[in-house]
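# Results of the structural survey
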Number of protein chains: 2
Amino acid sequence: METYIKVLAVRGAPAIGLAGGYGMFIAARNANTLHQAYKDLEIAADRLGNARPTAVNLKWAITRQQAVIKEVRTKLVNEYDSEQGLQTLRNALLTQADNMLKEDMDLCRQIGEAGLSLLQEGFTVLTHCNAGGIATSGYGTALAPIYVAHEKGMHVCVYADETRPLLQGMRLTAWELATNGIDVTVICDSAAPFLMKQKMIDLIIVGADRIALNGDTANKIGTYGLAVAAKAHGIPFYVAAPYSTFDPKIADGSEIPIEERGAEEVTNFLDKRFAPQKAMVYNPAFDVTPGELISGIITEVGILRPLYSQSIKSFIANHS
Amino acid sequence: METYIKVLAVRGAPAIGLAGGYGMFIAARNANTLHQAYKDLEIAADRLGNARPTAVNLKWAITRQQAVIKEVRTKLVNEYDSEQGLQTLRNALLTQADNMLKEDMDLCRQIGEAGLSLLQEGFTVLTHCNAGGIATSGYGTALAPIYVAHEKGMHVCVYADETRPLLQGMRLTAWELATNGIDVTVICDSAAPFLMKQKMIDLIIVGADRIALNGDTANKIGTYGLAVAAKAHGIPFYVAAPYSTFDPKIADGSEIPIEERGAEEVTNFLDKRFAPQKAMVYNPAFDVTPGELISGIITEVGILRPLYSQSIKSFIANHS
């Protein structure tokens, strides 16, 4: 599971979290004794938790599973190594992973309902990367309001940034929207500001990998440039994310680690290198958009508005 | 030649102009009689002149060759169809094409000298697409100041936007800079604003396909977004171009036609399609950056500054 997360076979912050949750169950399932399971789970938590640095959902899911382990361990304090104890632990981890999946589906639906108020008949929405049903379960985050609008018979068009280097927008977002009968047009990332200038975009919605207490948001590289251009054109710029994407431990975006990925993601297509050997490559996978550039954050309980230092604080407080 | 220009075997505004100039010579060379040559040249002027709509250099070169034809025709008014007359016409067209090439090399060098004042030891320059020696002859336009600086022993680093969809930055700019011993790092187009935010960019220089009288500049798609981000970060944003790129016939950028190119440039890599069949694609090849976002235009006679309505007017007046 760690490898699947690293090579992006599983990707998208909420899906990575769920993979982490199920990954912990798999570690327990593969252990032969309760004693071994406890040991393996410690290793799994460390390896899964560090498979990718930017999305906070992974650590959130691992932490929830660690709480389950602690609870089981307290309950089974006298059972050093029974078969029944091992089964209890496995069941508890699977139940929690299933709960997180169900919860994620509900959250996506609620985010969609909350974001619906931003859409109008005939609106054109720009999105970046993939924060749809493939990155999560159910409706996704950024795409959830579009799915809910479509379900209610509202006609909404989407421009999907192709999202270099790995083309999640062209491969995944365009695929899932088209498959669901929603008009979608792929553009090169760099064309987005030109579309904004031509008044072709009414609204921008993107997902998030981690949100700091002041609203600073890490998301796929290119998000920051969209937010800068959106501000220059007076276009509303929204982030959509469930509470698990908020990191109550960090005050602002400067504390979010930005994953740098391999050069070949940029230079190679179908294993053929397009860049000269002598050229260097810089491939940051994420950037941080300051809260000041974000019109609102669409969550499962409604849209958080600036000042985020206040609205995020009370949002988190209501969850704990 | 028309096909070579259309499929971008020849690309870059000045190189397209030169190809147009030599294309006219080739039309005359292929004709068997002077009479036929005049007829073929009319067709060639029309076809070559319309091979691509955005760069003005093409029409500029064709117009210069048409003036040569007119001159020869006046001189040979009594020679309806002599072999010697045909040779005179061919020679005149070849001489003019050669002159435009020599002139272009001189212009590039002069642009480099003019732009040198913008650079300092250790500077990092961001560029987009390819406006180097491959797009022109000699030193190029946007890259000319970098080559001149390098020649003088100044150390300058370059970030090259990969430039989707056709990757001219990754394939051409990175290649020519690396080959010439200049430090170059390729980034995805969408990463540029994030680099600006991290203070990794001192200066941006791009080429141009057409410049209107008020400084509005058409260039490769993505240029406009860079200019918007540069303004937000207080980074100087320069355009480099010779006088042939200025279009004295248009008051502002709204009159510049923007070429839309095929979807497969975006969706296909090595003939494999990455987008779902049902998704649409919008692929504008250029955008227009308003003069207000441009710090200066580096020309062969120095750097033009705002107000462009005045500085461009007197620049053009001195050329006619």
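Structure shown above.
Residues numbered from 1 in each chain as written. Chains lettered and ligands numbered in written order. Predicted model: local features only at pLDDT ≥ 70, side-chain atom pairs only at ≥ 80, totals over all residues. Heavy atoms only, no water.

### Some words on the layout of surface pockets
All names here are of chain B. Keep this limit in mind: Cavities and pockets are found on a 1 Å grid laid over the protein atoms alone: a cavity is a set of points where a 1.4 Å probe fits but cannot escape, a pocket is an open set with protein on both sides within 12 Å along at least five of seven lines, and a lining residue has an atom within 4 Å of such a point. Grid points are joined across faces, edges and corners, and a volume is the space filled by probe spheres set on the points. Under the DSSP-based scheme used, a helix requires at least four consecutive residues in state H or I and a strand at least two consecutive residues in state E, with every element numbered from the N terminus.
In this structure, the largest pocket encloses a volume near 570 Å³. Around the largest pocket, the lining comprises 20 residues; the ones closest to its centre are Trp 60, Tyr 243, Ser 244, Phe 246 and Pro 248. Broken down by secondary-structure element, the contributors of at least two residues to the lining of the largest pocket are α3 (34–49), α4 (57–75) and α11 (308–319). Of all the elements, α4 adds the most residues to the lining of the largest pocket, at 6 residues.

### Re the relation of the copies chain A and chain B
These two copies of the chain differ by a rotation about an axis and a displacement along the same axis. The test is simple: When the copies are overlaid, the least-squares fit takes in C-alpha atoms only where the residue has pLDDT of at least 70 in both copies. The contact criterion used throughout is that any non-hydrogen atoms of two residues lie within 4.5 Å.
If you rotate chain A by 180° and push it 0.0 Å along the axis, it lands on chain B with an RMSD of 0.1 Å. The relationship between the two copies is best expressed as a two-fold rotation axis. In this assembly, 100% of the residues forming the interface of chain A have copies in chain B that are likewise at the interface, indicating an isologous arrangement.

### So, empty space enclosed by the protein
All names here are of chain B. Formally: Nonpolar residues are Ala, Val, Leu, Ile, Met, Phe, Trp, Tyr, Cys and Pro. Charged residues are Asp, Glu, Lys and Arg, and all others, Gly as well, are polar.
Within the structure shown, the criterion is met by 6 cavities of 30 Å³ or more. Together, 35 residues line the largest cavity, and Arg 11, Cys 129, Asp 209, Lys 220 and Phe 286 are the ones closest to its centre. Among the residues forming the lining of the largest cavity, the class breakdown is 17 nonpolar, 10 polar and 8 charged.

### Description of the sheet that holds strand β2 (residues 157–161) of chain A
Filter applied, for reference: Strand pairing is defined by DSSP finding a minimum of two bridges between the two strands. Lines fitted to the C-alpha atoms define the axes, with helices restricted to the stretch that makes contact. Angles between their N-to-C directions range from 0 to 180 degrees.
Spatially, the 8 strands line up as an open sheet ordered β13(A)-β12(A)-β7(A)-β4(A)-β1(A)-β2(A)-β3(A)-β10(B), and their pairing is mixed. Two strands close off the open sheet at either side, each with one partner strand: β13 (302–304) of chain A together with β10 (280–281) of chain B. Those strands touched by helix α9 (residues 223–233) of chain A are β1 (124–127), β2, β4 (203–206) and β7 (237–240) of chain A, and its axis lies near 145° from that of β7 of chain A.

### Structural notes on the interface of chain A and chain B
Using the following cut-off: We count a salt bridge whenever a side-chain nitrogen from Lys or Arg sits within 4 Å of a carboxyl oxygen from Asp or Glu. By the criterion applied in these results, polar contacts are pairs of N or O atoms within 3.5 Å in which, for protein atoms, one can donate a hydrogen and the other can accept it, and in which residues neighboring in sequence qualify only through two side-chain atoms.
Across the contact, 53 residues belong to chain A and 53 residues belong to chain B. Summed over the shared surface of chain A and chain B, the number is 2 salt bridges. For Arg 164 of chain B, the salt bridge identified is with Glu 162 of chain A, shortest N-O distance 2.5 Å. Counting across the interface, chain A meets chain B through 13 residue pairs in polar contact (both at pLDDT 80 or more). Listing elements by their share of the side of chain A that touches chain B, those giving two or more residues are α7 (168–179), β3 (184–187), α8 (192–197), α9, α10 (264–267), β10 (280–281) and β11 (286–289) of chain A. Broken down by class, the residue content of the side of chain A that touches chain B amounts to 36 nonpolar, 8 polar and 9 charged. Note: β3 of chain A against β10 of chain B, 2 bridges, orientation parallel. Within β10 of chain B, the residue paired with Val 186 of chain A across the bridge is Val 281 of chain B.

### Concerning the pairing of strand β6 (residues 217–220) of chain B
All names here are of chain B. Relative to β6, strand β5 (residues 210–211) runs antiparallel, the two sharing 2 bridges. Across the sheet, residue Arg 210 finds its bridge partner in β6, namely Ala 218. Where β5 folds back onto β6 in an antiparallel hairpin, the turn is made up of 5 residues, including Gly 215, whose phi is positive at roughly 90°. Where β6 and strand β11 (residues 286–289) come together, 4 bridges link them in antiparallel fashion. Across the sheet, the residue bridging to Ala 218 is Val 288, located in β11.

### Quick look at the pattern of salt bridges
Residues and elements named next belong to chain A. Spelled out, the test is: The buried label applies to any residue whose accessible area, calculated with a 1.4 Å probe on protein chains only, is under 20% of its type's maximum; exposed applies above 50%, and partly exposed to all values in between.
Tallied over the entire structure, the rule returns 16 salt bridges over all chains. Arg 64 is the partner of Glu 103 in a salt bridge, and the nearest nitrogen-oxygen pair spans 3.1 Å. Of the two residues, Glu 103 sits in helix α5 (residues 83–115) while Arg 64 sits in helix α4 (residues 57–75), which places them 39 residues apart along the sequence. Take Arg 64: its relative accessible area is 22%, and that puts it in the partly exposed class. Between Glu 259 and Arg 261 there is a salt bridge, with the nearest N and O atoms lying 2.8 Å from each other. Of the two residues, Glu 259 and Arg 261, both sit in the buried class. Among the charged side chains, a salt-bridge network with shared partners connects Arg 52, Glu 259, Arg 261 and Glu 265.

### Some remarks on the sheet that holds β10 of chain A
One open sheet holds the 8 strands; their spatial order is β10(A)-β3(B)-β2(B)-β1(B)-β4(B)-β7(B)-β12(B)-β13(B), and the pairing between them is mixed. Two strands in the sheet have a free side with no partner beyond their single neighbour: β10 of chain A together with β13 (302–304) of chain B. Where strand β7 (residues 237–240) of chain B lies against strand β12 (residues 296–299) of chain B, 3 bridges are found, and the strand directions are parallel. Bridging across to β12 of chain B, Val 239 of chain B finds its partner in Ile 297 of chain B.

### With respect to the packing of α3 of chain B against helix α5 (residues 83–115) of chain B
One can describe the packing of α3 of chain B onto α5 of chain B by two numbers: an axis separation of 8 Å at closest approach and a directional angle of 35°. Between α3 of chain B and α5 of chain B, the residues in contact are Leu 34, Ala 37, Tyr 38 and Leu 41 of chain B and Gly 85, Leu 86, Leu 89 and Leu 93 of chain B, respectively.

### A few points about the nonpolar core
What counts here: Only buried residues count toward a nonpolar core. Its members are Ala, Val, Leu, Ile, Met, Phe, Trp, Tyr and Cys residues joined through side-chain atoms within 4.5 Å.
In this structure, Met 196 of chain A together with Met 196 of chain B are the most contacted members of the largest nonpolar core, which totals 79 residues. In contact with Met 196 of chain B, other than residues within four places in its own chain, are Leu 126, Ile 201, Ile 204, Leu 226, Ala 229, Ala 230, His 233 and Ile 235 of chain B. Ala 144, Met 170 and Val 184 of chain A together with Val 184 of chain B belong to the second largest nonpolar core, which has 72 residues in total.

### Here's the deal with the packing of aromatic side chains
Rules: Only rings of Phe, Tyr and Trp enter the pairing, Trp through its six-membered ring, and a pair is recorded when the two centres are within 6.5 Å. The plane angle decides the type: under 30 degrees is stacked, over 60 is edge-to-face, the rest tilted.
The final tally for this structure, using the stated rule, is 9 aromatic pairs over all chains. Ring plane angle 40° and centroid distance 5.4 Å describe the contact between Tyr 139 of chain A and Tyr 147 of chain A, whose orientation is recorded as tilted. For Tyr 147 of chain A, a relative accessible area of 8% gives the class buried. Ring centres of Phe 269 of chain A and Phe 274 of chain A lie 5.2 Å apart, and the angle between their planes is 90°; this geometry places the pair in the edge-to-face category. Using a relative accessible area of 4% as the deciding quantity, one classes Phe 269 of chain A as buried. Each residue in the set Phe 269 and Phe 274 of chain A together with Phe 269 and Phe 274 of chain B is aromatic and connected to the rest through ring pairs, giving one cluster.

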